[in-house]
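# Chain and residue survey
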Amino acid sequence: MTKKNPKTVSALADSSYLAPGARMFAPRFEEVEIPLAAADSCTHEDTICADCADQWRLDHLFCERLPWEHRHRE
């Protein structure tokens, strides 16, 4: 029996870097899939939960809405 993969969220990871001798950062973005987790089982490093999502936002641009985010009706 195979295990079912946890649900993930797509994001762009900012891996920009400053090359030796360079004056400006070289942009580099990677598309990544981050596994979702419940707050009580989240590692906050390899998985994401509602408690640590703001920390992930420092280096990631989410390509989709996180499941715990509410949509605002206009």
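Residues numbered from 1 in each chain as written. Predicted model: local features only at pLDDT ≥ 70, side-chain atom pairs only at ≥ 80, totals over all residues. Heavy atoms only, no water.

### Regarding the nonpolar core
Among the nonpolar cores identified, the biggest contains 13 residues, and Val9, Ile34, Ile48, Cys52, Trp56 and Phe62 are the most heavily contacted of them. Apart from residues lying up to four places away in sequence, tryptophan 56 is in contact with Ile34, His44, Glu45, Asp46, Thr47, Ile48 and Phe62. (Core = buried A, V, L, I, M, F, W, Y, C linked by side-chain atoms within 4.5 Å. Buried < 20%, exposed > 50% of the residue type's maximum accessible area, 1.4 Å probe, protein only. Contact = heavy atoms within 4.5 Å.)

### A word on a nonpolar patch on the surface
A surface patch of nonpolar side chains, amounting to about 300 Å² of accessible area, comprises Leu12, Phe29 and Leu61. Turning to its location among the elements, phenylalanine 29 is positioned in strand S2 (residues 29-35). (Patch = residues over 30% accessible without salt bridge, like charges linked within 9 Å, V, L, I, M, F, W, Y side chains within 5 Å. Areas by Shrake-Rupley, 256 points an atom, 1.4 Å probe, with all protein chains shown as cover. Salt bridge = Lys/Arg side-chain N within 4 Å of Asp/Glu carboxyl O. Helix = DSSP H or I, 4+ residues; strand = E, 2+ residues; numbered from the N terminus.)

### A few points about the sheet that holds strand S1 (residues 8-14)
Within a sheet, adjacent strands bond to each other through the backbone by hydrogen bonds, running parallel or antiparallel. Pairing in this open sheet of three strands is antiparallel, and the strands run S2-S1-S3 from one edge to the other. Looking at strand neighbours, the two that pair on one side only are S2 and strand S3 (60-62), the edges of this open sheet. In this sheet, adjacent strand axes meet at a mean angle of 35° when their direction is disregarded. By the bridge criterion, three bridges tie S1 to S3 in an arrangement that is antiparallel. (Pairing = 2+ DSSP bridges. Axes fitted to C-alpha atoms, helices over the stretch in contact; angles between N-to-C directions.)

### Describing the side chain of histidine 60
Within the secondary structure, histidine 60 is located in strand S3. At 3.0 Å, the side chain of histidine 60 and the backbone oxygen of tryptophan 56 are in polar contact. Those residues within four positions of histidine 60 in sequence are excluded, and the remaining contacts are Ala11, Leu12, Ala13, Val32 and Ile34. (Polar contact = N/O pair within 3.5 Å; in protein donor to acceptor, adjacent residues only side chain to side chain.)

### Focus: the pattern of salt bridges
Within this structure, the stated rule accounts for three salt bridges. One salt bridge in this structure joins glutamate 30 and arginine 28, with 3.7 Å as the shortest N-O distance. Between aspartate 54 and arginine 57 there is a salt bridge, and its shortest N-O distance comes to 3.6 Å. Given the relative accessible area of 58%, aspartate 54 is considered exposed. Overall, the relative accessible area of 37% leaves arginine 57 in the partly exposed class. Ionic contacts of the salt-bridge type, sharing partners, join the residues Asp54, Arg57 and Glu69 into one network.

### Examining the pairing of S1
Pairing analysis gives seven bridges linking S1 to S2, with the strands arranged antiparallel. From the neighbouring strand, aspartate 14 faces S2, where its bridge partner is phenylalanine 29.

### Topic: the state of the cysteines
Scanning the entire structure with this criterion turns up zero disulfides. You can see cysteine 42 has no disulfide; the closest cysteine sulfur is in cysteine 49, sitting 3.8 Å from it. (Disulfide = S-S within 2.5 Å.)

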